Amino acid sequence: MTKKTGQISTQEDQTDAQARRARGEFVRGVSGFRHAIGDPEFPAEPGRYHLFVALNCPWCHRVTLARGVLGLTEAISMDVAFPNRTTEDDPVGPNLWEFAPDRRASLTDETLPECTQETGTGQGLRLAKQIYQAEGSDEQSVPILYDKVAKRIVNNESAEILRMLDVNAEALGSQFAASERPRLRPLDVQPEIDRLNERIYVAINNGAYKAGFSSDQKVYAQAFEAYFETLAMLEQTLSDGRPFLTGDAFTEADLRLFPTLYRHDPVYVMRMKLNAARILDYPHLWRWLCRVYALPGVAESGSLLHCRQGYFGRSWNGVVPLGPRHPMPYPEAYLHPELANR
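Since the structure is predicted, the reported quantities are computational estimates derived from the model, not experimental observations.

Q: Help me get a handle on the overall build of the protein, residues and values and all.
A: Secondary structure summary: the protein contains 10 helices and six strands in total. Here the protein has a C-alpha radius of gyration of 19 Å; the compact-globule value for 342 residues is 20 Å, and the two agree. Taking the principal axes of its C-alpha atoms as reference, the protein extends roughly 55 × 50 × 45 Å. For the protein, the proportion of its 342 residues judged to be buried stands at 56%. Accessible surface for the protein amounts to roughly 14,700 Å². Of this, 50% is attributable to carbon and sulfur atoms. One finds the centroid of the 38 positive side-chain charges in the protein at a distance of 3 Å from the centroid of its 44 negative side-chain charges.

Q: Just give me the short version of the packing of aromatic side chains, but keep the residues and values in it.
A: This structure, assessed with the given rule, holds 19 aromatic pairs. Between Y268 and Y311, the aromatic rings sit 5.3 Å apart at their centres with planes inclined by 85 degrees, giving edge-to-face as the arrangement. Here Y268, found in helix α8 (residues 252–271), pairs with Y311, found in helix α10 (residues 304–312); they are 43 residues apart in sequence, far enough to count as distant. No difference in accessibility class separates Y268 from Y311, as the two residues are buried. Aromatic rings pair up to connect F258, Y262, W286, W288, Y293, Y330 and Y334 into one cluster.

Q: Lay out unusual backbone geometry in plain terms, naming residues and giving numbers.
A: A cis amide bond links H326 to the next residue, P327, at an omega of 5 degrees. In this structure, P327 sits in the segment after α10. Note the cis peptide between Y330 and P331, where omega equals 10 degrees. One can find P331 in the segment after α10. In this structure, N95 takes a positive phi of about 70 degrees despite not being glycine.

Q: Break down the state of the cysteines for me, with residues and values.
A: Here, disulfide denotes a covalent bond that connects the sulfur atoms of two cysteines. Throughout the structure, instances matching the rule amount to zero disulfides. Counting only cysteine sulfurs, C57 is the nearest neighbor of C60, a cysteine outside any disulfide, at a range of 3.6 Å. Using a relative accessible area of 1% as the deciding quantity, one classes C60 as buried. Among the cysteines around C115, which has no disulfide bond, C307 carries the closest sulfur, lying 12 Å off.

Q: Report on the sheet that holds strand β6 (residues 152–155), specifying residues and quantitative values.
A: Pairing within the open sheet is mixed, and its four strands lie in the order β2-β1-β5-β6. The open sheet terminates on both sides in strands that have one partner only, identified here as β2 (77–80) and β6. In this sheet, neighbouring strand axes are inclined to one another by 30 degrees on average, regardless of whether the strands run parallel or antiparallel. Bridge analysis of strand β5 (residues 144–147) against β6 gives three bridges, and the strand direction is antiparallel. Looking at β6, one finds that Y146 is bridged to I153. Its contacts with the sheet place helix α4 (residues 158–167) against β1 (49–53), β5 and β6, and it is angled at close to 90 degrees to β6.

Conventions we followed
- Residues numbered from 1 in each chain as written.
- Predicted model: local features only at pLDDT ≥ 70, side-chain atom pairs only at ≥ 80, totals over all residues.
- Heavy atoms only, no water.
- Helix = DSSP H or I, 4+ residues; strand = E, 2+ residues; numbered from the N terminus.
- Rg over C-alpha atoms; globule rule 2.2 N^0.38 Å.
- Buried < 20%, exposed > 50% of the residue type's maximum accessible area, 1.4 Å probe, protein only.
- Areas by Shrake-Rupley, 256 points an atom, 1.4 Å probe, with all protein chains shown as cover.
- Lys, Arg positive; Asp, Glu negative; His and termini not counted.
- Charge placed at Lys NZ, Arg CZ, Asp CG, Glu CD.
- Phe/Tyr/Trp six-rings, centres within 6.5 Å; stacked < 30°, edge-to-face > 60°.
- Disulfide = S-S within 2.5 Å.
- Pairing = 2+ DSSP bridges.
- Axes fitted to C-alpha atoms, helices over the stretch in contact; angles between N-to-C directions.
- Contact = heavy atoms within 4.5 Å.

Below is the structure:
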């Protein structure tokens, strides 16, 4: 079912995972499908590949960002799940990603235009779980990179997917010329990218979940402190005037940091109990966030409406907060780097 090709991402140690979860720690699982575009059975061809994502999921956001900034929105098709998963009364079961464009968001009492039917397999499946079941797997996560020709799952590890999109962007049919397209892992800064990725994953990307979904006060406190210590480190890194984390160019380190910081002020401050400060309180990080948001393909790659609906719709009462509205609503605030000077 799976193989080891290209296992390149930082993942959480699974030692004693069951016991750690029982003690109240959030322990992220390991993705099972690890093929790569470029393997003999998965050639790099325009129009061949498809993504299944949920726009509230930060791991999916990595992949939609790569698709956007690399100019692959026309070359790689995509289906978007509803941000809230199935409920207890679903005939298949609860907590499953569902392709349901007719579902209405409680925040707006309207359908969400980004949500789609499932089109990648050609079978009109309702649940992401069913895509896995076709290959004998009991996994149910997104993102999924799917081969529409072979009718097989290629990969479901976000960090690996974004790298294979980067390496194969031209062969996959990028609409951007090579001179206009970022290279996410330029050779001269790969060691710095890897160092940043390690800390950002542990303390920021996964750290937000460690804080927000822990039921143990000490585990939460450790994640909370590590998260804000790392924000302070990143603020200091950017204080020398560099536009991006490793220098003048946008790289994979920036891409992997962005989904969490994009969610921080409007969602994570409250939902993940990360209320020590806003990104707006870090002037260099705020201007970096606005700078990344302004890059071609970035703003269209995410949705804070989906994020609000997805995170708060799973809270104990399902009520979605309407704010923040000061100094202005999000994501409009990301168009205003000068807000950090107030």
